[in-house]
Amino acid sequence: MQTIINQTGISASTAGFDQEALASARNFRLIMDAMARPGNIVRLGLQKQPVGKMSAGSQMVALTLCDHETPVLLDTSLGEEPVEEFFRFHCGSSLVDDPSKAMFAFLSGVPDADMLSAFSVGTPAYPDRSTTLVIEVDGFDSQPDKGLALSGPGIRNVHYLQVSGIDAHFWKWWPGNASRFPLGVDAILVSDDAIVALPRTVKLMEIA
Amino acid sequence: MTRYNFAYLNEQTKKMIRRALLKAIAIPGYQVPFASREMPMPYGWGTGGVQVTASILTADDVLKVIDQGADDTTNAVSIRKFFKKTAEVRTTEVTEDASVIQTRHRIPETPLREDQILVYQVPIPEPLRFLEPRETETRKMHAYEDYGLMHVKLYEDISQHGHIATTYAYPVSVEGRYVMDPSPTPKFDNPKMNDCPALQLFGAGREKRIYAVPPYTRVVSLDFEDHPFEVQQWDAPCELCGARDTFLDEVITDDAGGRMFVCSDTDYCSKRQAESEAAE
Amino acid sequence: MYVAVKGGEQAIDNAHRLLAEKRRGDQQVAEVTTEQISEQLTLAVDRVMTEGSLYDRSLAALAIKQARGDLIEAIFLVRASRTTLPRFGYSQPIDTGSMEISRRISATYKDLPGGQILGPTFDYTHRLLEPGLEDGNLPEPAALGDADDQPAPHVLGLLSEEGLMEAPSSGGQDDEPDDLTREPLSFPADRDLRLQNLARGDEGFLLALGYSTQRGFARNHPFAGEIRLGTVEVEFVPEELGFPIVLGEIEVTECEMVNQFKGSKKAPPQFTRGYGLTFGHCERKAMSMAQVDRALRAKELGEDEIAPAQDEEFVLSHCDNVQATGFVEHLKLPHYVDFQSELELVRRMRKEQAEALREAAE
């Protein structure tokens, strides 16, 4: 099982720096590592109370990546007062309803097919102008020869992944997303303080 | 005097660069535009690489900086000092000991590992720029995967010179989609980019672009069936360490045409010299 | 035995010390103060503030001192310092119509409401060196006119009333101005972005381009409709207050060029505008900027794009002197790895050619 655990220690020599800057640097490295190695289960290793239905992991992703330049969409279940407050107060992000305008979407579960296809996939000239989905799930595992076989850039040969608490239609929808490359959305699945990233380059095979 | 934020950049700027990095990793070889900032070193001197390094660096990192393969070239020294001062990170000259390596014009000879990141300084990120100076046109070519112009140029080289006359910044195709500039590394280094265990990040500050090659990604140098890609070769080994498989610099030793060839990767060369001394 | 040169670190430290010594010059001579620079090299300070994109006289003066008078280096220092500053938001647009004017001229009317005010200008000086200045002298006080309460409306506004002048245009789809320091420039760029780019652009580069339009490369008959210099208030609306408060005053130079326009299928013959604005007193820059702004509107006005000054991507990509100087000067950095690759290729090609010639001879 490939699990990367956050090192919490901050070296003494850098103690003079702003702790928040050091923490977000550490979190970003873990998120970037997850994106560069799709399917790897990366634990952010931070104890944080959920805000509404938003897990510690999602909060760390939001705090690390979102600010007033990133319009954020919340699904109906996440879009309650404390979560909205979290984004306005801690990130300064504006909240939007139109999926095509969202740079990030924080979702309590997989949205229906209509909404999934409404997120921005970028344009041929600017495929980076796309939405990143952050979806809450129940848990991850990476037993060999089970669940999903992932391949693509960032993966040496094949990487096995099992995700619990995710609607099956996500996996049905994904190949269509990946086939539009370089257009497409990227996803970060979150369970508690663990994340798994699925950039649009990931090819999936379901194993019975 | 105000104390700078960790790694110089403010948090807002780092967030913007970090978002661009994630997109770059998700779209291998595609140049993501980013709002590059004015850095305290000149544009063209590694501001893109410095902004990328500043955005990925953590307090636990060990940083190595090379220019032309060497740790003690003046610009490498200057950038290393910058991060020592603004991020107080540990630095090293030993490739194996580094977690982040910022480079200008070379890839280390020592094979990289999964837990290492290579950050390239890029002057002109657009591989098509010298064929078509207009951004408006090259952007369309990438969008429609229209790389005919590049193939025509390379083939013209062959018909004129007998081989492709590009020796550095030799264009590559990433995962069969985007044609990418590998930065002005000699084509000798191109094969090291393919299926590399380390994450490779590219920063072009003046041109405001970031791009990436994730680990284990297919990177192929453009070529033709009848003219396959090949790397430079030297007639003699390194005169200091005897290596036959490294990129060699030519050093002029006197004013009578005397010259010798030595490894451009100073860390690799001195390690080999130490090993052979120990064996004696 | 050859030993690779080491000691880059020490060389750099020594070079920095030598630079500091050279900056100070002969230590028998009194050291120049930033206050003196700010008060007596005002136009240098104005240029550094304008192209450095930061209105701060004392920082600009410090930059000039530190840069040994190299203004592009000073602009670079100011820009780099700007990167470290937090951003609170955008000010309200300044109102140059209500400027407290210290200079105001129009080349298109002999007299006009508010009058012509020559102000502090080199224009009619004879360019003769003044030996007396070497030892310093106290200038004779200038006679000051009575403050005139008569308003000085924009000259181009007077033309607009007659319908002869086009309405000001952003040339873009939306009203919210973009900001190239937050979003990288992409093409085609709207007029708001072009103006921001030109305002930060190199005076010399814009001067040459503006000049080229007068010599027939995109000729469009410019008249200096109005140049005004003076102070304006800067207002800001803090989120928590919701109404504008005055942050302070800044000095600016504004130039509006009037250009002939033959008309197109959509628009009748009329005059068109070119706009220039700088911090402080940078008149040459403001005028050049206005000429280039007008030239860059070729596409919008349906004119043939035939000259460098009309080429948006060419002008905007190359007018920033901090970018330009960095990349030109980076050629000083070692390139021996790439050069080695080229050496190897040239040697191989020469060898192949010699062999081919020999074979042909046999």
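Residues numbered from 1 in each chain as written. Chains lettered and ligands numbered in written order. Predicted model: local features only at pLDDT ≥ 70, side-chain atom pairs only at ≥ 80, totals over all residues. Heavy atoms only, no water.

(A) Seen up close, the sheet that holds strand β11 (residues 203-206) of chain A. All names here are of chain A. Overall, antiparallel pairing links the 4 strands, which are arranged β6-β8-β7-β11 in an open sheet. If you trace the sheet from one side to the other, it starts and ends with β6 (139-141) and β11, each paired once. With direction set aside, neighbouring strand axes in the sheet form an average angle of 30°. Sheet analysis places β6 next to strand β8 (residues 159-164), joined by 3 bridges and oriented antiparallel. Following the sheet pairing, aspartate 141 is matched in β8 by glutamine 162. Docked against the sheet, helix α5 (residues 169-179) engages β7 (148-151), β8 and β11, running at close to 140° with respect to β11. (Pairing = 2+ DSSP bridges. Helix = DSSP H or I, 4+ residues; strand = E, 2+ residues; numbered from the N terminus. Axes fitted to C-alpha atoms, helices over the stretch in contact; angles between N-to-C directions. Contact = heavy atoms within 4.5 Å.)

(B) Quick look at the pairing of strand β5 (residues 117-121) of chain B. All names here are of chain B. With 5 of 5 residues buried, β5 lies mostly within the body of the structure. Of the two faces of β5, the one carrying Ile117, Val119 and Gln121 and the one carrying Leu118 and Tyr120 are both buried. Pairing between strand β4 (residues 100-104) and β5: 4 bridges, direction parallel. Pairing of isoleucine 101 across the sheet is with leucine 118, part of β5. (Buried < 20%, exposed > 50% of the residue type's maximum accessible area, 1.4 Å probe, protein only.)

(C) Geometry of the sheet that holds strand β6 (residues 172-174) of chain B. All names here are of chain B. Across the sheet, 3 strands lie side by side as β7-β6-β10; this open sheet has antiparallel pairing. Each end of this open sheet is capped by a strand with a single partner; those strands are β7 (178-180) and β10 (219-221). Recorded for the sheet is a direction-independent mean angle of 35° between the axes of neighbouring strands. Note: β6 against β10, 3 bridges, orientation antiparallel. Looking at the pairing, valine 172 lines up with serine 221 of β10.

(D) Examining the environment of B:Gly46 more closely. All names here are of chain B. Relative to the elements of secondary structure, glycine 46 occurs in the loop between β1 (32-33) and α2 (47-56). Separated by 33 residues in the primary sequence, glycine 46 and threonine 13 have C-alpha atoms spaced 17 Å apart. Dropping the residues within four chain positions of it, glycine 46 is found in contact with Gln102 and Gln121.

(E) Structural view of the confidence of the model for chain C. Taken over all residues, the pLDDT of chain C has a mean of 90, while the share at 70 or more is 96%. Confidence estimates for the predicted assembly give a pTM of 0.89 and an ipTM of 0.95. (pLDDT = per-residue confidence, 0-100.)

(F) Seen up close, the domain arrangement of chain C. All names here are of chain C. Along its sequence, chain C is organised into domain 1 (10-82) and domain 2 (96-119 + 150-168 + 180-324). Taking only C-alpha atoms, the centre of domain 1 and the centre of domain 2 are 29 Å apart. With 14 residues of domain 1 at the interface, the matching set in domain 2 holds 18 residues. Our enumeration of links across domain 1 and domain 2 arrives at 2 salt bridges. The salt bridge involving aspartate 320 is made with arginine 79; its shortest N-O contact spans 3.0 Å. Joining domain 1 to domain 2, the criterion identifies 9 residue pairs in polar contact (both at pLDDT 80 or more). Counting only elements with at least two residues in the side of domain 1 that touches domain 2, the list comes to α3 (42-52) and α5 (71-83). (Domains from an automatic or database assignment. Salt bridge = Lys/Arg side-chain N within 4 Å of Asp/Glu carboxyl O. Polar contact = N/O pair within 3.5 Å; in protein donor to acceptor, adjacent residues only side chain to side chain.)

(G) View of the packing of aromatic side chains. This structure, assessed with the given rule, holds 18 aromatic pairs over all chains. Ring geometry for A:Phe170 versus A:Trp173: centroids 5.7 Å apart, planes at 40°, classification tilted. Note that A:Phe170 and A:Trp173 are positioned in helix α5 at a spacing of 3 residues, about one turn of the helix. For A:Trp173, a relative accessible area of 18% puts it in the buried group. Seen in terms of ring centroids, B:Tyr30 and B:Tyr178 are 5.6 Å apart; in terms of plane orientation they differ by 50°. Their pairing is tilted. (Phe/Tyr/Trp six-rings, centres within 6.5 Å; stacked < 30°, edge-to-face > 60°.)

(H) Seen up close, the packing of helix α1 (residues 19-36) of chain A against helix α2 (residues 56-65) of chain A. Residue and element names in this part refer to chain A. Their axes nearest at 10 Å, the elements α1 and α2 cross at an angle of 110°. Classified by the angle their axes make, α1 and α2 are roughly perpendicular. Seen from α1, the contacting residues are Ser24, Asn27, Phe28 and Ile31; seen from α2, they are Met60, Val61, Thr64 and Leu65. Residues of the contact of α1 with α2, tallied by class, amount to 5 nonpolar, 3 polar and no charged. (Parallel < 35°, antiparallel > 145°, perpendicular 65-115°, else oblique. Nonpolar A, V, L, I, M, F, W, Y, C, P; charged D, E, K, R; others polar.)

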